[in-house]
Amino acid sequence: MMLHPKFLLTAMAASLALAGCASVGPEYKRPSLDVPTALVIPATQGKSSAVDYMAWWKGFNDPVLNALLEEAHFNNQDLLLAAGRVEEARALAAGTNSNRYPTVDANITPTKLRTSQNAGLLGAGAEPVSRDYKLGLSASYEFDLWGKLARADEAARARLLAQEANQGVVLTSLYSSLAQSYFTLRASDAQLALAEVTLKTRHENLRLQQKLYASGTIGEIDLHVADSEEAAAEISLAQAKQSVANTESALAVLLGRSPAAVAAPVIARGKNIDGLYGQLTVPADLRSDLLARRPDIVMAEQSLIAANADIGQAKAQYFPSLKLSSGVGYESQGLKDLINPASMLWNIGANLTQPIFRAGAIGAVVSGAEARKTQALAQYVQTVQGAFKDVHDSLSNVAADEQIYISGQRRVAALKDSLRLAELRYKNGYSSYLEVLNAQRDLWQGQVTLIDTQRAHLSAVVSLYKAVGGGWDASQIITTK
C-alpha cells in the first residue's frame, strides 16, 4: 500500500528504534554438565611426557608415517567431501546475511504494444501500435524489527562453524585410521617374516623326520605330526601375506590414490614394529578441558546454537514486518525523450504486515523449532558422554596392553627356554620329537601374540590422541560461551 510521506518517515524512525531492541526467542547458554576436572591416567611403566596434540604422529619419529599423513591430508576423498560441505555452508551463510541489507536492481524495460482497433479503446485516428521505454533503479529493504533476520544469520553462521568442525571430525578420524593401519601393516610385515622363518624350520624338521622314518628310527605318527606342522606353517604364511595385501589396499584408499594405485598398492615402509613401539609415549597430563577441543563436541554445540536461533526466527513471525520499497527512473514513449527531466518518475512506499490468522501455522513452526532444539541438546549431551567414554576406554586399553606386553615378553622368554630344554631332551633320547614340536608351536604363537600386542598398544595410544581431538586446530572455531 502507498503511504503518506510523513507517515512513512514516522514509521521508518519507529522501526529503526525498534530494531535496536533485543531479538525475540531464547538467548543461548551453554548447558551445564557434571564433568571431572581431570582424567585419571593409569600408572604405566612405559615412557610418559608432554604431548604435542596438534601433531602427535611426529612423536613416533618415522618420516614415512609423516609423509603418508601429509599425502592423505591433500588427497583423501572423505576430507575433500567435508571441505566441499564447508564451502556450501559458507555460501549459504553469506546468502542469509545478505538478507539484512537493502536490495537494489537496475531495470531496463522496452515495450511495444498493439491495441485492438475493434475493442473501442482507441480514439479516432489513434495509432494502434504504441511504444514505452523505462529506465530506472528499484530498491527494497526489510527492517529487522524483532531480530528475525539476525537470528537467521546467527543460525547460518553456527551451521557453517558446525561444518568446519565436521571437517575436523573427518580429519582426526583420517589421521588415526591411517596411523593405525600403518601400525597394522608393520605388524603384519613382522608376522610375515616370522611365518617365513617358521615355515623354513618346519620344512627342515619334516625332511629330518622323513630320513628318520626311512631308517626306521621313528614311527609313522611322528612323521605325520611333522607334516601337519609344515602345513600349519604354510597356512600361517598365506594368512600373513593376505593381511599385508589387504592392509596395503586399505592404506591406498585412505591416501586418496587412483583406482589403478589401489588395485596394485605400493606402500612405503619406515620403522619396523619394534622401532615404532620404542617411540611410544603416554601423555603425562590429561586435563578434562582438553575434550573441548574435540571437533565433534564443537560441531554438536554449534548445531545446538543454530537450533536455538531457529526458535527466535520462528517466533518473530508472530510480530509485524515492515518493508520499504522505492524506485526512481525515466519513462517515455520515445527513446529520444527517455533521458529527460520531464520523463522522470519515482515512487516510495512501505508495507506493514501483521499476521492475524494462519490456522496455527506459525505455532507449528515454533513447536518444530523447539523440538529440534531438544534433539540438538540431547545430541550434544550424548557427544560429551561419548567423548569421556572414548578417553576412559583408551586409557584403560593403554594400561592393559602395556601389562599384556610385559607379561607376553616373560612368556616368550620362558617358551624359548622350554624349546631349548625340549631339544636337549630329544637329542639325549629322553623325549619324543612331539615335545619339540609342541614347544616350537607355543613359541611361535607367543611371538605372534607379542607382535599383535605391540600393534594394539600403539593403536590404543593413537585412539587416546583422537579422543582429545588431536590433529585438529580447535582455535580456528569461535565458540559461544
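Starting afresh in each chain, residues are numbered from 1 along the sequence in its written order. Restriction of local features to residues with pLDDT of at least 70 applies here, the model being predicted, together with a cutoff of 80 or more for giving and counting side-chain atom pairs; totals for whole chains, interfaces and linings are based on all residues. To get the side-chain values, take all heavy atoms of the structure and skip hydrogens and water.

Between any two strands, at least two bridges found by DSSP are needed for them to pair. Going along the chain from the N terminus, every DSSP run of H or I of four or more residues is numbered as a helix, and every run of E of two or more is numbered as a strand. The 4 strands are arranged β2-β3-β5-β6 in an open sheet whose pairing can be described as antiparallel. Because the sheet does not close on itself, it has two edges, and the strands there are β2 (103–114) and β6 (344–353). With strand direction ignored, the average angle separating the axes of adjacent strands in the sheet is 20°. Taken together, the 11 bridges between strand β3 (residues 129–143) and strand β5 (residues 321–332) define a ladder with antiparallel strand orientation. For Gly136, the partnering residue across the bridge sits in β5 and is Gly329. For every element, the axis is a line fit to its C-alpha atoms; helices are fit only across the contacting stretch, and the angle between N-to-C directions ranges from 0 to 180 degrees.

What follows is about a nonpolar patch on the surface. Together, Val104, Leu137, Val328, Met344 and Trp346 give the surface a local cluster of nonpolar side chains, amounting to about 530 Å² of exposed area. In this fold, Leu137 is placed in strand β3. Take Leu137: its relative accessible area is 45%, and that puts it in the partly exposed class. Nonpolar side chains (Val, Leu, Ile, Met, Phe, Trp, Tyr) are joined into patches within 5 Å and like charges within 9 Å, using only residues with over 30% relative accessible area and no salt bridge. The protein chains shown are the only cover counted for residues, whose accessible areas, like all others here, come from Shrake-Rupley with a 1.4 Å probe. In the sections that follow, a salt bridge refers to a side-chain nitrogen of Lys or Arg positioned within 4 Å of a carboxyl oxygen of Asp or Glu. To sort residues, take the accessible area from a 1.4 Å probe on protein chains only and compare it with the maximum for the residue type: under 20% means buried, over 50% means exposed, and anything in between is partly exposed.

Next up on the list: the nonpolar core. Of all hydrophobic cores here, the largest spans 83 residues; its most connected members are Trp56, Leu65, Leu178, Phe183, Leu286 and Val391. Mapped by element, the contributors of at least two residues to this core are α2 (63–75), α4 (148–214), α5 (220–254), α7 (273–278), α8 (295–315), α9 (361–427) and α10 (433–467). Counting residues per element, this core draws most heavily on α4, at 16 residues. Contacts are assigned to residue pairs with any non-hydrogen atoms lying within 4.5 Å of each other. For Val391, the residues in contact, after removing those within four places along its chain, are Leu39, Leu286, Leu291, Leu464, Ala467 and Val468. Residues belong to one nonpolar core when they are buried, are Ala, Val, Leu, Ile, Met, Phe, Trp, Tyr or Cys, and are joined through side-chain atoms within 4.5 Å.

This part is about the packing of aromatic side chains. Pairing of aromatic side chains here covers Phe, Tyr and the six-membered ring of Trp, requires ring centres within 6.5 Å, and sorts the geometry by plane angle: under 30 degrees stacked, over 60 edge-to-face, intermediate tilted. According to the stated counting rule, one finds 9 aromatic pairs in the structure shown. A centroid spacing of 6.4 Å and a plane angle of 80° characterise the contact between Tyr53 and Tyr465, whose relative ring orientation is edge-to-face. Placement of the pair is Tyr53 in the loop between β1 (47–49) and α2 and Tyr465 in helix α10, with a sequence separation of 412 residues. Each member of the pair, Tyr53 as well as Tyr465, carries the same accessibility label: buried. Here Tyr141 and Phe143 contribute two aromatic rings whose centre-to-centre distance is 4.9 Å and whose plane-to-plane angle is 85°, an arrangement assigned as edge-to-face. Looking at Tyr141, the relative accessible area reads 27%, which means it is partly exposed. Here Phe143 falls in the buried class, since its relative accessible area comes to 7%. By way of ring pairs, the aromatic residues Tyr53, Trp56, Trp57, Tyr175 and Tyr465 are connected into one cluster.

The score called pLDDT rates the predictor's confidence residue by residue, from a low of 0 to a high of 100. Chain-level statistics for the protein chain give a pLDDT mean of 87 and a share of 91% at 70 or above. Here helix α1 (residues 5–19) stands out as the least confident element of the protein chain, with mean pLDDT 47; α7 is the most confident, with 95. The low-confidence segment residues 1–9 (pLDDT under 50) makes 9 contacts with residues lying over four places distant or belonging to another chain.

Below, the discussion takes up the packing of α2 against helix α3 (residues 77–98). Relative to each other, α2 and α3 sit at 40°, their axes nearing to 6 Å. Considering the angle they form, α2 stands oblique to α3. Contacts between α2 and α3 pair Ala72, His73, Phe74 and Asn75 from the former with Gln77, Leu79 and Leu80 from the latter. In terms of residue class, the contact of α2 with α3 is made up of 4 nonpolar, 3 polar and no charged. Angle categories: roughly parallel below 35 degrees, roughly antiparallel above 145, roughly perpendicular from 65 to 115, and oblique for all the rest. Side-chain classes follow a simple rule in which Ala, Val, Leu, Ile, Met, Phe, Trp, Tyr, Cys and Pro form the nonpolar group, Asp, Glu, Lys and Arg form the charged group, and the remainder, Gly included, forms the polar group.

The subject of this paragraph is α10. The α-helix advances 3.6 residues per turn, and as a result positions three or four apart in sequence lie on the same side. What a helix is expected to span follows from its residue count: subtract one and scale by 1.5 Å. Helix length check: α10, at 35 residues, gives a terminal C-alpha distance of 51 Å against a target of 51 Å (1.5 Å per residue), a fit within 8%. Backbone geometry just after α10 places Gly469 at a positive phi near 75°.

Time to look at unusual backbone geometry. Even without being glycine, Asn61 reaches a positive phi, approximately 50°. Tracing the sequence through the fold places Asn61 in the loop between β1 and α2. Phi at Ala359 is positive, roughly 55°, even though this residue is not glycine. Position of Ala359 among the secondary structure elements: in the loop between β6 and α9.

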